[in-house]
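Reading the structure
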Amino acid sequence: MTTLTPELQELVDRQKIYHVLTSYCRALDRCDVELMKAVYWEDGYDDHGVFAGNAQEFAEFIIRGIQEWFEVTQHTISNIHMELEGDVAHTEAYLFAYHKVAATRPKVEGWFGENYLRKYGALVDAGVTQDFIYGGRYFDRLEKRDGIWRIAKRTVIMDWNLNQPSTEIRNDGLFKTLQIVGRRDRKDPIYQR
């Protein structure tokens, strides 16, 4: 067995942590509950505001919620700051997320509230989906156990949000030529290697 220098071990650990963080985003957007559970320790904790508790239970809750409330989601992370302290890491990852909310009164009112529905209800009734765009940060504590990094505690911090009727185009102009479209299950092209 080769022992790495401390500097090389830190680089390996940082890359493994990065993989955990990006796997979380894939799990959300592909609605992959098993992958979602795999990024957390069994005794992990997640505080998303709408849910605060055991991370394995959160995985079930959030995937079910995404399938119910949104037609499309895309979560991206950037500006990942990591502080490693042996087998513990503290990270702050900037979050940018897009959500397409189905054009139904119950879903729009449930997500955005009655004031939003009063303003855009006619568009919802006409079948226009609504965009929910979110900017925030994932504040995590990850732990390495038996050489494996996973999230032990996650807190989501909201910095801003933008909500509006969608202007998405799918079947006109250049967009009608883009026929490979993402899916929210294991039939997505990324799983078809």
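Anyway, here's the lowdown on the structure attached to this text. Here the structure is a predicted model, which means the values were calculated and not measured.

Thresholds applied
- Residues numbered from 1 in each chain as written.
- Predicted model: local features only at pLDDT ≥ 70, side-chain atom pairs only at ≥ 80, totals over all residues.
- Heavy atoms only, no water.
- Disulfide = S-S within 2.5 Å.
- Helix = DSSP H or I, 4+ residues; strand = E, 2+ residues; numbered from the N terminus.
- Buried < 20%, exposed > 50% of the residue type's maximum accessible area, 1.4 Å probe, protein only.
- Lys, Arg positive; Asp, Glu negative; His and termini not counted.
- Salt bridge = Lys/Arg side-chain N within 4 Å of Asp/Glu carboxyl O.
- Polar contact = N/O pair within 3.5 Å; in protein donor to acceptor, adjacent residues only side chain to side chain.
- Contact = heavy atoms within 4.5 Å.
- Patch = residues over 30% accessible without salt bridge, like charges linked within 9 Å, V, L, I, M, F, W, Y side chains within 5 Å.
- Areas by Shrake-Rupley, 256 points an atom, 1.4 Å probe, with all protein chains shown as cover.
- Expected span 1.5 Å × (residues − 1).

**Looking at the state of the cysteines**
Going through the model one piece at a time under the given rule, you end up with zero disulfides. Unpaired in this structure, Cys 25 has its nearest cysteine sulfur neighbour in Cys 31, at a distance of 13 Å.

**So, the side chain of Asp 29**
With respect to the helices and strands, the residue Asp 29 is situated in helix H1 (residues 6-30). The side chain of Asp 29 sits in the buried core without any salt bridge; Arg 30 is the nearest counter-charge, 5.1 Å away. Within the local environment of Asp 29, its side chain forms a polar contact with the side chain of Thr 73, the two groups lying 2.7 Å apart. One polar contact links the side chain of Asp 29 to the main-chain amide nitrogen of Gln 74, over a distance of 3.4 Å. Residue contacts for Asp 29: discarding those within four places in its chain leaves Thr 73, Gln 74, His 75, Arg 183 and Arg 184.

**Section: the side chain of Asp 140**
Relative to the helices and strands, Asp 140 is located in strand E5 (residues 130-145). A polar contact is formed between the side chain of Asp 140 and the side chain of Arg 154, at a distance of 2.7 Å. Residue contacts for Asp 140: discarding those within four places in its chain leaves Leu 21, Ala 89, His 90, Thr 91, Ile 151, Lys 153, Arg 154 and Thr 155.

**Considerations on a nonpolar patch on the surface**
A cluster of nonpolar side chains, contributed by Leu 4, Leu 8, Leu 11 and Val 12, occupies part of the molecular surface with about 330 Å² of accessible area. Counting through the fold element by element, Leu 8 comes out in helix H1.

**Details of helix H5 (residues 114-125)**
Along its twelve residues, H5 runs just 14 Å from first to last C-alpha, ending more than 12% under the 16 Å computed at 1.5 Å per residue. Tyr 116, Leu 117, Tyr 120, Gly 121 and Val 124 are the residues of H5 that are buried. As for H5, its buried residues are in contact with helix H4 (105-112), E5 and strand E6 (148-165).

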